Amino acid sequence: MKLKKTISIILVVLLMFSFAACGGGDDKVTAVKFASGGSSGTYYAFCSGIAPILKDKTGIEVTVEATGASKANLQLIETGEVDLAIVQNDVMSYAANGVDLFATEGKLTKFSAVAAIYAEVCQIVANPKAGITSVADLKGKKVSVGDAGSGVEFNAKQILEAYDITFDDIAKQNLSFADSAEALKNGQIDAFFCTAGAPTTAIMDLATTNEIAVLSIDDAHAKILMDKYPYYTQYEIPADTYDGIPAAMTVAVKATIVASNDLSEDAVYNITKTLFEAKDEIIVAHAKGKEIDTKYAVEGIDVAFHPGAEKYFKEIGAK
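Quick caveat: nothing in here was measured; it's all calculated off a predicted structure.

**Student:** Sorry, what's going on with the overall build of the protein here?
**Tutor:** Regarding its fold elements, the protein presents 12 helices and 10 strands. Projected onto its principal axes, the C-alpha coordinates of the protein cover approximately 100 × 40 × 35 Å. Accessible surface computed for the protein: about 14,600 Å², of which carbon and sulfur atoms make up 53%. Looking at charge distribution, the protein has the averaged site of its 28 positive side-chain charges lying 8 Å from that of its 42 negative ones.

**Student:** Please clarify how helix H2 (residues 42-58) should be interpreted in this entry.
**Tutor:** A turn of α-helix holds 3.6 residues, and therefore any two residues three or four places apart point the same way. Helix length check: H2 (17 residues) gives 23 Å between terminal C-alpha atoms against 24 Å at 1.5 Å per residue, within 8%. At Ile 50, H2 shows its maximal kink, close to 25 degrees; a proline, Pro 52, follows between one and four residues later. Once H2 finishes, Gly 59 follows within two positions and takes phi at roughly 80 degrees, a positive value.

**Student:** I keep staring at the side chain of Ser 144 and nothing clicks. Help me out?
**Tutor:** Looking at the element boundaries, Ser 144 is found in strand E5 (residues 142-144). A distance of 3.3 Å separates a polar atom in the side chain of Ser 144 from the backbone nitrogen of Leu 175.

**Student:** Is there a simple way to explain the nonpolar core in this structure?
**Tutor:** Most often, soluble globular proteins have nonpolar side chains that are buried together. Ranked by internal contacts, the top residues of the largest apolar core, which has 110 residues, are Leu 138 and Phe 193. The element that contributes the greatest number of residues to this core is strand E4 (residues 111-126), accounting for 12 residues. For Leu 138, the residues in contact, after removing those within four places along its chain, are Ile 124, Ile 132, Val 143, Leu 160, Ile 170, Ala 191, Phe 193 and Leu 215.

**Student:** How do you make sense of the confidence of the model for the protein when you look at a structure like this?
**Tutor:** A low pLDDT score tells you not to read the predicted coordinates there in detail. Confidence in the prediction for the protein averages 91 pLDDT; 92% of positions are at 70 or higher. Note that residues 1-26 has pLDDT below 50 and, in this model, two contacts with residues that lie over four places away or in other chains.

**Student:** Could you clarify how one ought to interpret unusual backbone geometry in this entry?
**Tutor:** Most peptide bonds adopt trans geometry, and most residues besides glycine take a negative phi value. Look at the link from Ala 198 to Pro 199: it is a cis peptide, with omega at 5 degrees. Structurally, Pro 199 can be placed in the loop between strand E7 (191-196) and helix H7 (201-209). Although it is not a glycine, Asp 100 adopts a positive phi angle of roughly 50 degrees. Structurally, Asp 100 is set in the loop between helix H4 (89-97) and E4. With a phi angle near 60 degrees, Asp 164 is a residue other than glycine that sits in the positive phi range. Along the chain, Asp 164 turns up in the loop between helix H5 (151-162) and strand E6 (171-173).

**Student:** What am I meant to see in the side chain of Lys 254 here?
**Tutor:** Positionally, Lys 254 belongs in strand E10 (residues 248-260). Within the buried core, Lys 254 has no salt-bridge partner, and the shortest N-O distance to an opposite charge, that of Glu 299, equals 4.9 Å. Only 2.6 Å separates the side chain of Lys 254 from the backbone oxygen of Glu 299, close enough to count as a polar contact. Setting aside chain neighbours within four positions, we find Lys 254 in contact with Val 87, Gln 88, Asn 89, Ala 116, Tyr 118, Glu 120, Tyr 296, Glu 299 and Gly 300.

**Student:** Sorry, what's going on with the packing of aromatic side chains here?
**Tutor:** Each aromatic ring pair is specified by the distance between its two centres and by the angle formed by the two planes. Inspection of the entire model under this criterion finds 11 aromatic pairs. Consider the rings of Phe 46 and Tyr 118, whose centres lie 5.4 Å apart with planes at 70 degrees: the pair is edge-to-face. One end of the pair, Phe 46, is in helix H2; the other, Tyr 118, is in strand E4, with 72 residues separating them in the sequence. Considered together, Phe 46 and Tyr 118 belong to a single accessibility category, that of buried residues. On the basis of an interplanar angle of 80 degrees and a centroid distance of 6.4 Å, the ring pair of Tyr 229 and Tyr 232 is categorised as edge-to-face. A relative accessible area of 2% means that Tyr 232 is categorised as buried. Clustering of aromatic rings is evident, with ring pairs tying together Tyr 94, Phe 154, Tyr 229, Tyr 231 and Tyr 232. Lying across the ring of Tyr 296, Lys 254 places its NZ or CZ 3.9 Å from the centre. The ring of Tyr 269 carries Lys 311 above its face, with NZ or CZ at 4.8 Å from the centroid.

**Student:** Got a minute to help me understand the pattern of salt bridges in this structure?
**Tutor:** Taken as a whole and assessed by the stated rule, the structure comprises 11 salt bridges. Between Glu 281 and Lys 57 there is a salt bridge whose closest N-O contact spans 2.9 Å. You can see Glu 281 sitting in helix H10 (residues 279-285) and its partner Lys 57 sitting in helix H2, a full 224 residues away along the chain. Each of the salt bridges in this network shares a partner with another, and the network as a whole consists of Glu 310, Lys 314 and Lys 319.

**Student:** Sorry, what's going on with helix H3 (residues 70-78) here?
**Tutor:** Taking burial as the measure, the nine residues of H3 include seven buried ones, the bulk of the element. Restricting attention to buried positions, one finds in H3 the residues Ser 70, Lys 71, Asn 73, Leu 74, Leu 76, Ile 77 and Glu 78. For H3, the secondary structure elements touched by its buried residues are strand E1 (31-35), H2, strand E3 (84-88), H4, E4 and E10. At the exit of H3 stands Gly 80, carrying a positive phi of roughly 80 degrees.

Conventions adopted
One numbering rule holds for all chains: residues counted from 1, following each sequence as written. It should be noted that, the model being predicted, local features are given only for residues of pLDDT at least 70 and side-chain atom pairs only at 80 or more, the latter also being counted only at that level, while totals for whole chains, interfaces and linings use all residues. In computing side-chain properties, one takes all heavy atoms of the structure into account and sets aside hydrogens as well as water. Secondary structure elements follow DSSP: runs of H or I no shorter than four residues count as helices, runs of E no shorter than two count as strands, and numbering proceeds from the N terminus. Methods summary: accessible areas were calculated by the Shrake-Rupley approach with a probe of 1.4 Å, and residue burial reflects only the protein chains presented. Charge counting follows a simple rule: Lys and Arg are positive, Asp and Glu are negative, and His as well as the terminal groups are ignored. Positions of charges follow a simple convention, taking NZ of Lys, CZ of Arg, CG of Asp or CD of Glu. To estimate the expected span of a helix, count its residues, drop one, and scale the result by 1.5 Å. Bend angle per residue: angle between axes fitted to the 7 residues ending at that residue and the 7 residues starting there. Polar contacts, as counted here, are pairs of nitrogen or oxygen atoms within 3.5 Å of one another; within protein the pair requires one atom able to donate a hydrogen and one able to accept it, and residues that are adjacent in sequence qualify only if both atoms are side-chain atoms. Definition of nonpolar core: a set of buried residues of the types Ala, Val, Leu, Ile, Met, Phe, Trp, Tyr and Cys, connected through side-chain atoms within 4.5 Å. Whether a residue is buried, partly exposed or exposed follows from its accessible area with a 1.4 Å probe, protein chains only, as a fraction of its type maximum: under 20%, in between, or over 50%, in that order. Contact definition: two residues touch when any of their heavy atoms are within 4.5 Å. Across the chain, each position has a pLDDT score giving the predictor's confidence in that residue, from 0 to 100. Any Lys or Arg side-chain nitrogen found within 4 Å of a carboxyl oxygen on Asp or Glu counts as a salt bridge. Only the six-membered ring of Trp is used, alongside the rings of Phe and Tyr, when aromatic pairs are assigned; centres must lie within 6.5 Å, and planes under 30 degrees apart are stacked while those over 60 apart are edge-to-face, with the rest tilted. A positively charged side chain is recorded as over a ring if its NZ (Lys) or CZ (Arg) lies within 6 Å of the ring centre. The angle to the ring normal must also be within 35 degrees.

Have a look at this one:
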């Protein structure tokens, strides 16, 4: 009788351990890979700044990876190579709907939105010596439109389109931000597009050594653009954002953090919570932290939120 009782107790204990294991103890997220952008861009700097804060607050080790930015980042999530990414909200929408940049490969289905973080400014930098004072003057000029297949390239295409200019009307080059700045410095191009948080490192460095102009998009052409592509908003780059450069009115999209659908609800909830509740620390790590706002985070996002992010925003009344 005692033997049977002992065996029964052992079985119960083993069963309890079994349930505990199935309850997610082994599934606790301890590390994530975070896809950012080129090492000279705002994505990389921002993500590198928040990584140690996320680790400190959530216990999750965050490894930031330099990448080709938005489109590449979404593809990396789709293939399971990264867990988090920062992307333009327009590119995110293209991916979810299988259009434009993703028309050939079709919809990507393995990511969800976490939060819009800051304005990504469509900056058009030109060499004044090339006779460029407006976007219209880019016709016939040597212009870098960002990496091939990037969100920047699509922004450039759409902005030029508002001015009745196509890629066939320019000597198009596909260069990274750093390479674009170097090419303009060396006279190899006349202008370049850069969609990133302002100020952007590559442009800041260029402005300290070269005379540059940051072109404005006037109200009439901005309206043409926004009527067709409603994810754009007007944005003023304040004077002296870059050394000695006057204010410029342009347009912007949103830098948005996305997560793999395979990342647990608890992990994404804790990451999302940290983004907003550790804002003061994030501001110290990167100036773009000043733009973090719960209202801004959820507006203009047409992709489903990850359950972890959804839980946080509902908890604080943002959704």
